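Structural overview for review
Here is how the chains run, residue by residue.
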Amino acid sequence: MTIHHRLAGLVFALTTLMALGACATGPSLTPEQMQAVRAGEQSAIIMSYREYAGMYGAYIRFVNVDTGLQYQVEMHGGMNVVNAGPDMVAVPPGRYRVAGGSLYTADSTGTMPLLDHWFAPFDVAAGEVVDVGTLRIDDISVRALPGMGERVLNAMLTFNPARSDRYLVYSVDYSDAERVEKMLASKYPGLGVTPVRRPLAVRLDRAAFESVIVDAYALNPDGSPPTVEQAGARVATGLARFLRDADR
């Protein structure tokens, strides 16, 4: 399956699914894993999440670029949730990238479209505890982009008015630094390794992303507006082209 088809299937995929369990409890790293980190035989990745649209929890998957093995960290972004805050996952040293993720509340879950394409790979050295930052999510309302209101409305009416007209965008910062310190002190007091800040590098620029979206809703050669399905496929194609150019 090409990247065009995979992206096309993700673009409008922010959906509400079935219920998922609530808060995680206790440390994610075992005493044996912490000892391996201290000995330089193992590593770990720390991540935080800021609540988006009432979805207070998040799962993020990291994949080892060389082995293909995946590792998951669960975080709570809400300030009024038990055990709210960041966490970490033990990983072998190596090169990693974000492989995807999901959001949840007590009674629903949602996907994070295009997350696996948003950030560049990063390295984790032996014995390192790497803090990749706090994930923040924003959205682009297609209707709010300059000149898009009528075009989007026409496109949606030609296909399915229930389909989404919002795209998610992602970034990281270190606004949760205090919560990271508290998490380490409460869950991993014996870790004995100072985290290294290595923020995830963004591959997709928001302005470029908005330009791709605007182009995707251009009129067809016959003057008709694209269907939402057509627009989504065009966004996928434009992003694939953008990523190819960015990696050169």
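These notes cover the structure that comes with them. (Residues numbered from 1 in each chain as written. Predicted model: local features only at pLDDT ≥ 70, side-chain atom pairs only at ≥ 80, totals over all residues. Heavy atoms only, no water.)

As a further point, take helix α6 (residues 206-216). Looking at α6, one finds that the buried residues are Phe209, Val212, Ile213 and Ala216. Projected down its long axis, α6 shows its buried positions confined to an angular sector of 100 degrees, all on one face. The exposed set on the far side of α6, more than 90 degrees from its buried face, consists of Ala207 and Asp215. (Buried < 20%, exposed > 50% of the residue type's maximum accessible area, 1.4 Å probe, protein only. Helix = DSSP H or I, 4+ residues; strand = E, 2+ residues; numbered from the N terminus. Arc of directions from axis to C-beta.)

Turning our eyes to something else, we now look at the environment of Ser43. By the element assignment, Ser43 lies in strand β1 (residues 43-49). Note on Ser43: relative accessible area 0%, which makes it buried. For the pair formed by Ser43 and Ala125, sequence separation is 82 residues and the distance between their alpha carbons is 7.0 Å. Residues contacting Ser43, with those up to four places away along its chain left out, are Val37, Val89, Ala90, Val91, Pro92, Pro93, Val124, Ala125, Ala126, Gly127 and Glu128. Of the polar contacts made by the side chain of Ser43, one reaches the backbone oxygen of Ala125; its length is 2.7 Å. (Contact = heavy atoms within 4.5 Å. Polar contact = N/O pair within 3.5 Å; in protein donor to acceptor, adjacent residues only side chain to side chain.)

Our next topic: helix α2 (residues 31-38). Of the positions making up α2, those classed as buried are Met34, Ala36 and Val37. The buried residues of α2 occupy an angular sector of 160 degrees when projected down its axis, which confines them to one face. Residues of α2 that are exposed and point over 90 degrees away from its buried face: Pro31 and Glu32. As for α2, its buried residues are in contact with β1 and β8 (129-141). A positive phi of about 80 degrees marks Gly40, the residue just after α2.

Attention now goes to the pattern of salt bridges. Two side chains that carry opposite charge are able to pair once their charged atoms sit near each other. All told, the structure shown has nine salt bridges when counted by the stated rule. In this structure, Asp87 engages Lys187 in a salt bridge whose closest nitrogen and oxygen atoms are separated by 3.2 Å. Here Asp87 is found in strand β4 (residues 87-91), whereas its partner Lys187 is found in helix α5 (residues 177-187), with 100 residues between them in sequence. Accessibility expressed as a relative area gives 3% for Asp87, which makes it buried. (Salt bridge = Lys/Arg side-chain N within 4 Å of Asp/Glu carboxyl O.)

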